[in-house]
Every structure is written in structure tokens, then in C-alpha cells.
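# Residue-level structural notes
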Amino acid sequence: MRIVLASSEAVPFAKTGGLADVVSALAKALGELGHQVWVIIPHYPQQLPRNLSPAIEPANISFPVPIGTRAADARILWSTLPGSEVTVLHVDQPAYFNRPSLYNEGGRDFPDNCERFCFFSRAVVETCRRMVLRPDVIHANDWQTALIPALLKAEHRKTTGLSNTGAVLTIHNLAFQGRFWHWDMHLTGLDWKYFNWRQMEAYGQLNLMKTGIVFSDMVTTVSPTYAREIQTPEGGCGLNGVLTAHRDSLVGILNGVDPDDWNPATDPHLARNYDAATVAEGKPACKAWLQNHLGLPARADVPMFGLISRMADQKGLDILGQCLDEVLQQDVQMAFLGTGERHYEEMLVAKQRDYPQKVATRIGFNEGLAHQIEAGIDAFLMPSRYEPCGLNQMYSLIYGSVPVVRTVGGLADSVVDTTPETLANRTATGFRFDDYSSEALKRTIFRTLEAYRNRATWTQLMRTGMAQDCSWGRSAKEYVRVYEQAQAKSAARPADG
Ligand code: ADP
Ligand code: GLC
């Protein structure tokens, strides 16, 4: 198939969270299945890693994109995803994207986010048309590109060579919907007739995520459990009604892991590489390295927990903060890495101050350290309030670090709780709790500590985790089935969606 993946971020070019990992890994996996894939992202010059290889080159294509009452130029650059033949098209418009960060500054969203991403969405469709990509499907991701299905269905269907192109939207996080005041409707360039409760309006506002759900041929989200949760009032963030109405075209597909980036046997960030056969020597070496690096006592016997996270309400840092003092009375070490909301950062920095022999907190975004923590720790904390999929629990499994997670979303779909039964049938991979409370989290951490003291149990958990298949192969095939369904539905769909 000919597949265009549109996203506001993709590794290694720009990343704030899992979306960036997923888009690039899925694109590569689809390419390996023999499909022709183009990734289209905005060009953020300030986000690019140093020594990017291959380099980004001009494509000598530029065109004006109507936005509101004026037009802004889109200049197309191109490169390939490192280690693959997947083409990446970068939409350059410095006034929108040459900024120090992707979406916000000082904790506040950029005031022109609607304009920036309406521009980008239009530029994606226009790129497909001008470069004659003739995609069978355009796959949009999250609210930033969720206008694309509406543009395809409302404007381009009959006229521009995109008439049979299927539209797919993946919801990576329903909490972020791209909600803007109604006057921003003019930035979409679509007729006001679409601003109604069945299509682009929700609770009086323009809602781009809803727009994408309504106009797409197929909607996916990043785990089967999250696909169910978002159809309930508790998990639906106000859009559960819309999602329930579209449940026949809603599919949950679990994310995978890119083995080029996350594989302890080849990871260039590690002091020692290891696999299932050498984990008994390799992991202690990585642990000692991490302890030294973080200034913690280098002890092999102390259970070491890690957490790598955007510091946001989603991630369960409030319940963690409430039980940390009690947990830190035990003989444990903890490595925290993250950036985000100031009060969570300060809470974890304060814990390092209070327990300098036990806690190391690093504020910031640090790709290398994220890998080193995954390899060096014994157990990984992910007590999320909600979690559409989550990647770090899967990285943890592969790196032989036992995940401690709340039973929600993709965490429920990828971690098997340790019980006498799951130990006996050798399916146990981690520790889970249901209640969103510090008490439940604390009890689960204590359960983890108890298991750690039993070497046979712990070794079994590590080995079962490392043997899990978290690769993209299976999920990429599921996406292909969704693309085929989208294309078939598109052909049968009325012109205005
Ligand atoms: P989300 O997308 O909600 O943030 P995921 O678990 O899907 O959660 O993905 C988060 C990704 O971002 C992982 O690859 C994780 O390692 C990475 N990450 C998060 N915070 C940091 C950080 N401070 N430094 C390095 N990597 C980080
Ligand atoms: C979102 C979700 C996360 C998911 C990621 C990639 O950021 O919060 O759970 O893993 O998208 O799909």
C-alpha cells in the first residue's frame, strides 16, 4: 500500500513523548512489510539532534497554504528515517515551527496552536497532491493532524486525485483534543455548516479531535483496553458519546517497541550490553554504572526503582509522592528522570535532598540517561492515572526491569500481575494495582520488594519479561488491515463525510 503518516513529532527529529517513537517505529515496520511509506512532520530546526544523519535536504517544492484570510508558504524538505528507506517530508514554515519547543512555553500553550496545526494539516494534504503521492491511506495522529480527515472528505474527495484515499486517525491521548474557540473555525478553511454537534463542534468549541473521529474512515487507539475505556464517561474526556457512536470503526492496537532504539544487546548508551543469556552479568554492571553516575552508593543487593516520565497529572506522581516517605524507610534506591509540571519536579528534587543516599532525581529530557536507567534498575514505576499505551513498561520488560503499574489502558494489556497462579504458569511479568490511591501503590511496591528478596522468583520475572514479544511486526499488520478497511469504506462514503 501507499501510506502517508502525518504527525506533529517523530524521532529522531522532534519528540515530547511516545507519539514520536510510535510514528517512526510504525513507519519502519510498515516499510519492512513491503509498503511504501512517507512520514510528514513539521520542520522544527531548533529540535534537531546534532550530527543528524542522513541530513535534511531541500526538495525544491514550495506552495502557499491558505490559512484564515491569508496564506502562508510551506517549503518541503526531505530526508529518510535513519536506518531505513522511509522518506520523511518536513514542512518548513519558520514563523510557526522555528521555536524552542513544540507546543508550549513556560507551561502555556502557544496562542496560535490552532493556526499552526491547521496550516500543517492543510500542508500535508497539499503535499500529497502536489507531489502526486497518491496515497491509499493518510494516517493522522492526535489532534494536531486530526483536521486532515475532514479536509480529505469535505474538500478533496472528488477533485484532486485523493478520491479513494482512506482516512485513519489514531488517538494517542484523548485528554488533548485541540479545543479552540468557535471563531477559529475560519482557520480550518471549512464551511461553517460543519460547525455543528455532529461534526466539528463540541460543548460550544471547535474540537479537532472530534473532527478527526467523525470524518475518519477508521479510528484507532493505542491499546485494546484504552479503546474500551474511552467509550465510558470516566475515560471519554467528554467524547465518549462520539466514540460510542463510531465504535464499529474504532480499533485498539497495542504499540510495539523499535528494536533499533531499545535493545539491551545493542544499546550504545549502556556500560555493558546484555541479552537473556548474559543478563546475570550484564545487568549488575549497568546497575553499578548507574549508581556511580547518579552518586548513589554502589551496592548490588539494594533494590533499585526507576521512573522516567513526563511530569504530568496523567502519570500518577501525586499518589507516588504521598507514599514515598514510607517506602524510603526501606532499604531501596530510586532514580527519577523527567520534566514537566513544576510542583512534581520540586517534589522529586526534595526527595533527593531528604534522602541523598537513596534518591537521585534528574530534571530534564535525557535520552541516554533514559536508556541507562532502564538497564540499571531492578523495577520500573508507572502508577498512571490513565495510560493509553505507555512505552516504558515495555522497554522495562525487554531490559529485564520488572514493571510496577496501575491496571489501566496499555499497562493492563502488557503487564501480567504476579500471583501464585501466574508464577506457576510462568506468565507473571510485573506487579499491578487497581485503585488509584497511594495506599494501593505502596502495598504493591512492598509486594515487589518481597519478590525481590526471593532470587528464584525475581529471576523468573526478569526472564519472562525479556522473552515477551514487544516488536512492531504484529501491530503493523493490524494497522495494514485497518488501512484496507479504511480504503474500502472511503470508496463507499458520501462526498461530505
Ligand atoms: P507519553 O507519551 O504519555 O509521555 P510513553 O510511555 O508512551 O508516554 O512514552 C514516553 C517516551 O518518552 C518514552 O520513550 C520515554 O522514555 C520518553 N521520555 C519521557 N520523559 C523523558 C525524559 N525526561 N528523558 C528522556 N526520555 C523521556
Ligand atoms: C501518548 C500516551 C502514551 C502512549 C503514546 C504513544 O502520549 O500518553 O500512553 O504510549 O501516546 O502512543
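A quick note: this is a predicted structure, and the numbers were derived from the prediction, not measured. Counting of residues starts from 1 at the beginning of each chain's written sequence and follows it residue by residue. Here every chain gets a letter starting at A, and every ligand a number starting at 1, in the order they are written. It should be noted that, the model being predicted, local features are given only for residues of pLDDT at least 70 and side-chain atom pairs only at 80 or more, the latter also being counted only at that level, while totals for whole chains, interfaces and linings use all residues. Side-chain calculation: all heavy atoms of the structure are included, whereas hydrogens and water are not.

### Considerations on the overall build of the protein chain
By definition, any uninterrupted DSSP run of H or I lasting at least four residues is a helix, any uninterrupted run of E lasting at least two residues is a strand, and each is numbered from the N terminus. In terms of helices and strands, the protein chain carries 18 helices and 20 strands. A globule of 497 residues ought to have a C-alpha radius of gyration of about 23 Å, and the protein chain, at 23 Å, matches this closely. Across its three principal axes, the protein chain shows a C-alpha extent of roughly 65 × 45 × 40 Å. Exposure is judged per residue with a 1.4 Å probe applied to protein chains only, and the accessible area is read against the type maximum: over 50% gives exposed, under 20% gives buried, and values in between give partly exposed. When the 497 residues of the protein chain are sorted by exposure, 59% land in the buried category. Contacts: residue pairs with any heavy atoms within 4.5 Å of one another. If you take every contact in the protein chain between residues at least 6 apart in sequence, the share linking residues at least 24 apart comes to 71%. We compute the radius of gyration over the C-alpha atoms and compare it with the globule rule, which gives 2.2 Å times the number of residues raised to the power 0.38.

### What to know about the site of ligand 1
Summary of the distance rule: residues count as near a molecule or strand when at least one heavy atom falls within 4 Å of that molecule or strand. Around ligand 1, 22 residues are found, and the nearest of them are Gly18, Arg310, Lys315, Gly364 and Leu391. By the criterion applied in these results, polar contacts are pairs of N or O atoms within 3.5 Å in which, for protein atoms, one can donate a hydrogen and the other can accept it, and in which residues neighboring in sequence qualify only through two side-chain atoms. A distance of 2.7 Å separates an oxygen atom of ligand 1 from a polar side-chain atom of Arg310. For ligand 1, an oxygen atom lies 2.8 Å from a polar atom in the side chain of Lys315. Note on areas: Shrake-Rupley with a 1.4 Å probe; residue coverage comes only from the protein chains shown. Contact with the protein chains hides 93% of the accessible area of ligand 1, taken as 570 Å² for the molecule alone. The set of elements that each furnish at least two residues to the shell around ligand 1 consists of helix 1 (18-32), strand 15 (304-311), strand 16 (333-340), helix 12 (367-376) and helix 13 (392-398).

### Observations concerning the environment of Glu484
Position of Glu484 among the secondary structure elements: in helix 18 (residues 473-491). Sequence spacing of Glu484 and Met1 is 483 residues, and the spatial spacing of their C-alpha atoms is 8.7 Å.

### Considerations on the site of ligand 2
Near ligand 2 there are 13 residues, and of these His172, Asn255, Glu387, Cys389 and Gly390 occur at the shortest range. Between His172 and ligand 2, the recorded distance is 2.7 Å, taken from a side-chain N or O atom to an oxygen atom. Contacts to ligand 2 include Glu387, whose side-chain N or O atom sits 2.5 Å from an oxygen atom. Look at ligand 2: alone it shows 310 Å² of surface, and the protein chains cover 93% of it. The element best represented in the shell around ligand 2 is helix 1, accounting for 3 residues. Partitioned by chemical class, the residues of the shell around ligand 2 number 5 nonpolar, 6 polar and 2 charged. Viewed by domain, the shell around ligand 2 spans two of them, domain 1 (2-256 + 473-492) and domain 2 (279-469), each represented by three or more residues. Residue type decides the class: Asp, Glu, Lys and Arg count as charged, Ala, Val, Leu, Ile, Met, Phe, Trp, Tyr, Cys and Pro as nonpolar, and the leftover types, Gly among them, as polar. Domain limits in this description derive from either an automatic procedure or a database domain assignment.

### Quick look at the sheet that holds strand 10 (residues 179-180)
Pairs of strands are assigned from DSSP output, requiring at least two bridges between the strands. Across the sheet, 3 strands lie side by side as 10-12-11; this open sheet has antiparallel pairing. Looking along the sheet, the strands with just one partner apiece sit at the ends: strand 10 and strand 11 (201-202). Bridge count between strand 11 and strand 12 (residues 205-207): 2 bridges; the pairing is antiparallel. Each bridged residue has a counterpart across the sheet, and for Glu201 the counterpart in strand 12 is Leu206. Axis geometry follows a simple rule: fit a line to the C-alpha atoms, using only the stretch in contact for helices, then measure angles between N-to-C directions, giving values from 0 to 180 degrees. Here helix 6 (residues 208-215) sits on the sheet and contacts strand 10, strand 11 and strand 12; the angle it forms with strand 12, its principal contact strand, is near 50 degrees.

### Structural notes on the sheet that holds strand 2 (residues 36-42)
Strand pairing in a sheet is mediated by backbone hydrogen bonds. Such pairs are either parallel or antiparallel. Sheet architecture is open: 9 strands sit in the order 3-4-5-2-1-8-9-13-14, paired in mixed fashion. Looking at the sheet topology across the chains shown, the edges are occupied by strand 3 (57-67) and strand 14 (250-252). When strand polarity is set aside, the average angle formed by the axes of neighbouring strands in this sheet is 25 degrees. As defined by bridge partners, strand 1 (residues 2-6) adjoins strand 2 across 5 bridges and the pair is classed as parallel. Residue Arg2 lies in a different strand from strand 2, and its bridge partner there is Gln36. In the packing of helix 6 onto the sheet, the strands contacted are strand 9 (166-171) and strand 13 (218-221), and the crossing angle to strand 9 comes to about 135 degrees. Sheet strands in contact with helix 18 are strand 1, strand 8 (137-141), strand 9, strand 13 and strand 14, and its direction is about 135 degrees off that of strand 9.

### Here's the deal with the nonpolar core
Definition used in this section: a nonpolar core is a set of buried Ala, Val, Leu, Ile, Met, Phe, Trp, Tyr and Cys residues joined via side-chain atoms within 4.5 Å. Core analysis: the biggest nonpolar cluster contains 102 residues, and Leu30, Val39, Phe305, Met334, Trp458 and Tyr483 have the highest contact counts within it. Sort the elements by how many residues they give to this core and helix 1 lands first, with 8 residues. Of all hydrophobic cores here, the second largest spans 64 residues; its members include Ile67, Ala74, Ile76 and Ile138.

### Quick notes on a nonpolar patch on the surface
Candidates for patches are residues over 30% relative accessible area with no salt bridge; among them, like charges are joined within 9 Å and nonpolar side chains (Val, Leu, Ile, Met, Phe, Trp, Tyr) within 5 Å. Should a side-chain nitrogen of Lys or Arg be within 4 Å of a carboxyl oxygen of Asp or Glu, the pair is scored as a salt bridge. Residues Trp181, Trp183 and Trp192 make up a contiguous nonpolar surface patch of about 400 Å² in total accessible area. Topologically, Trp183 is positioned in the loop between strand 10 and helix 5 (185-188).

### Focus: the domain arrangement of the protein chain
According to the domain assignment, the protein chain consists of domain 1 (2-256 + 473-492) and domain 2 (279-469). Taking only C-alpha atoms, the centre of domain 1 and the centre of domain 2 are 32 Å apart. Taken residue by residue, the interface counts 18 residues in domain 1 and 17 residues in domain 2. By buried area we mean the combined loss of accessible area, with a 1.4 Å probe, across both parts when two parts are placed together. Around 1300 Å² of area is buried between domain 1 and domain 2 when both sides are counted, 57% of it from carbon and sulfur atoms.

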